[in-house]
Amino acid sequence: MAARTIMHVDLDSFFVSVEQVLNPGLIGKPVVVGGNPEGRGVVSTASYEARAFGLHSGMPLATAARLCPTAIFIESDFDSYIEFSRRFMAILNDFSPTVEPGGLDEAYLDVTGFESLHGSIRQMANKIKQRVRNELGLCASIGIASCKVVAKIASDTSKPDGLIEVPRGDERVFLAPLPVERLPGVGKRSARVLSGLGVHTIGGLSRTSPRILKRHLGSAGEVLHRLANGIDYSRVLPPGQPLSISREITFAADTRDQSFLEATLWNQTERVGADLRKRGMQARCITLKLRYADFSTITRSHTLQHSIYTDQEIFAIGNALLDRVLETEKRAVRLIGVGVSVLTDAGLQARLFRPRAAQLEHLSKAVDQIRNRYGFDAIRTGRPTRHEDTSKSISD
Ligand code: TTP
Ligand code: MG
């Protein structure tokens, strides 16, 4: 695999920092987001001032109140966190087309070859930190390395308000002194097993035979050995985008009524167009699909030189395809559908037309993460409900 440069960006004490932006009276104080300390909840996040008292995510609130009696406890406000997250990801997307959110407040960027644009990758990282500070009022910590795992550990190590660049070739030296728990994938159980083998640091892990690790930890042992040596081939994968978007509808009675077919086509086009724009995408290929009473199906496609995204443009092409078919084909139609493909990212300009909720697509992973922690209703994504008669198909 060719040499890469990966950046990991993670916001400091995210939930608390958002609360501090919304209520500056909380700045510089021990603050805990998670709720009432009389309740049975746990700490979502603690400000660095509160961390000095030993508070950390996942700690019962009652324990937190005992360790830090002056702490200010507040309820989570997910709508605000999601809004800040959306704006954070939008900033990152201005810096690289290859951004993979790892949660609401963190993302990997593939920045291979971006030196010339910014002077150096370090300078690029400083520009990101500055924009996050100026536009969101938040602090981002950044790690730069040749692979994802080292970049993430570097950003963690640099906190708060940090920036660490691990030069290519120095990965093992950088990781060696850190405790094994710092490696993603090493939980309490594996840490205990490793401790039994006399392995406490990542350096110790890198020097242990993969055969022994496999015997004690299964295939995860081999993976950990590789990571401990700073070897991680996993790519920065932006959230999946569909290859095509289409809608179709089956009629109760077969028809050859052209104006009815056109009206239905418009209706389907509006849905396809809305979906396309919601995803911040444009299309170059428009496809018309017709099925006849005998279930034989035809498709007609037209590919353009440029990308389009308005209902009118998509309809104009779909309708022209329909016209042409109806000129020669006299059978009655049972199903009509329209689809768009050869999709491209709409880019910055078209993003202005994107409805706010659309950007949640980019955060689907992060949203899943929150839902796993707090239940499905913790987040509403504002997805349109599906029309009953319309079968929707998004393929990837
Ligand atoms: P993290 O990035 O792990 O933590 P953080 O941003 O609070 O602090 P830092 O990065 O400076 O160490 O998680 C991001 C948010 O996710 C965090 O603000 C709150 C939430 N979260 C929980 O709700 N429960 C948890 O156990 C963790 C780890 C995070
Ligand atoms: Mg964070």
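Our structure's up above, just so we're on the same page.
In what follows, the accompanying structure is described. In every chain, residue numbers begin from 1 and rise along the written sequence. Each chain is given a letter, starting from A, and each ligand a number, starting from 1, according to the order in which they appear as written. Under the rules for a predicted model, residues below a pLDDT of 70 receive no local features and side-chain atom pairs below 80 are neither given nor counted, while totals for whole chains, interfaces and linings still include all residues. Hydrogens and water molecules were not included; the side-chain quantities draw on all heavy atoms of the structure.

1. Things to note about the coordination of the magnesium ion (ligand 2)
Working step 1: Taken together, Asp-10 (OD), Leu-11 (O) and Asp-105 (OD) make up the full set of protein donors to the magnesium ion (ligand 2), lying 2.1 to 2.2 Å away.
Working step 2: Seen from the magnesium ion (ligand 2), its 6 donor atoms lie at angles of 78 to 179°, and the figure they make is octahedral.
Working step 3: Think of the donor list as every N, O and S atom within 2.8 Å of the metal, or within 3.2 Å for Na, K and Ca; water never makes the list, so a site can look incomplete. When the donors of the magnesium ion (ligand 2) are listed by position in the chain, the intervening gaps give D-L-x93-D. One end of the pair, Leu-11, is in strand β1 (residues 6–11); the other, Asp-105, is in the loop between β5 (99–103) and β6 (106–110), with 94 residues separating them in the sequence. When four donors show all angles between 85 and 135 degrees the site is tetrahedral, when four or six donors have opposite pairs over 155 degrees and all other angles between 65 and 115 it is square planar or octahedral respectively, and in every other case it is irregular. Strands are runs of DSSP state E lasting at least 2 residues, helices are runs of H or I lasting at least 4, and numbering of each runs from the N terminus.

2. A word on unusual backbone geometry
Working step 1: Here the residue pair Lys-159 and Pro-160 is connected by a cis peptide bond, since its omega of -10° sits within 30 degrees of zero.
Working step 2: Along the chain, Pro-160 turns up in the loop between α7 (148–158) and β8 (163–165).
Working step 3: Phi is positive for Ser-13, which is not a glycine, with a value near 30°.
Working step 4: In this fold, Ser-13 is placed in the loop between β1 and α1 (14–22).
Working step 5: Here's how the labels work: a residue is buried when its accessible area is under 20% of the maximum for its type, exposed when over 50%, partly exposed in between, all with a 1.4 Å probe on protein chains only. Of the residues examined, Ser-13 reaches a relative accessible area of 9% and is grouped as buried.

3. Some details on the sheet that holds strand β7 (residues 140–145)
Within a sheet, adjacent strands bond to each other through the backbone by hydrogen bonds, running parallel or antiparallel.
Working step 1: Only when DSSP finds a minimum of two bridges between them are two strands counted as paired. In spatial order, the strands read β5-β6-β1-β7-β8; together these 5 strands make up an open sheet with mixed pairing. Bordering the open sheet on either side are β5 and β8, each of which pairs with just one other strand. Strand-to-strand, the axes of this sheet are offset by a mean angle of 15°, without reference to chain direction.
Working step 2: Sheet analysis places β5 next to β6, joined by 4 bridges and oriented antiparallel. Interaxial angle, 0 to 180 degrees, is taken between N-to-C directions of lines fitted to C-alpha atoms, where a helix line uses only the stretch in contact.

4. A short note on the nonpolar core
Working step 1: Residues Met-7, Val-9, Phe-14, Leu-92, Leu-109, Ile-128 and Val-132 are the most contacted members of the largest nonpolar core, which totals 37 residues.
Working step 2: Elements supplying a minimum of two residues to this core: β1, α1, β2 (31–33), α4 (78–95), β6, α6 (121–136) and β7.
Working step 3: Ranked by residue count, the leading element in this core is α4, at 9 residues.
Working step 4: Beyond its immediate sequence surroundings of up to four residues, Val-132 is in contact with Leu-11, Phe-88, Ile-91, Gly-137, Leu-138 and Ala-140. Here, nonpolar core means buried Ala, Val, Leu, Ile, Met, Phe, Trp, Tyr and Cys residues that are tied together by side-chain atoms lying within 4.5 Å of each other. Only heavy atoms matter for contacts: two residues are in contact if any of them lie within 4.5 Å across the pair.

5. A word on the packing of aromatic side chains
Working step 1: Any two rings among Phe, Tyr and Trp, with Trp reduced to its six-membered ring, count as a pair given centres within 6.5 Å; such a pair is stacked if its planes are under 30 degrees apart, edge-to-face if over 60, and tilted if neither. One pass over the structure, following the stated rule, counts 7 aromatic pairs.
Working step 2: With centroids separated by 5.4 Å and ring planes inclined at 90°, the aromatic side chains of Trp-266 and Phe-315 adopt a geometry described as edge-to-face. Linking Trp-266 in helix α13 (residues 258–278) with Phe-315 in helix α14 (residues 311–328), this pair joins segments that are 49 residues apart in sequence.
Working step 3: Taking relative accessible area as the criterion, Trp-266 reaches 28% and is therefore assigned partly exposed.
Working step 4: A relative accessible area of 18% places Phe-315 in the buried class.
Working step 5: Feature note: the residues Phe-14, Phe-15, Phe-78 and Tyr-81 constitute an aromatic cluster, connected by ring pairs.
Working step 6: One cation-aromatic arrangement involves Arg-51 over Tyr-48; the distance from NZ or CZ to the ring centre is 4.2 Å.
Working step 7: It is Arg-331 that lies over the ring of Tyr-292; its NZ or CZ is 4.3 Å from the centre. Our definition puts a charge over a ring when NZ of Lys or CZ of Arg is within 6 Å of the ring centre and also within 35 degrees of the ring normal.

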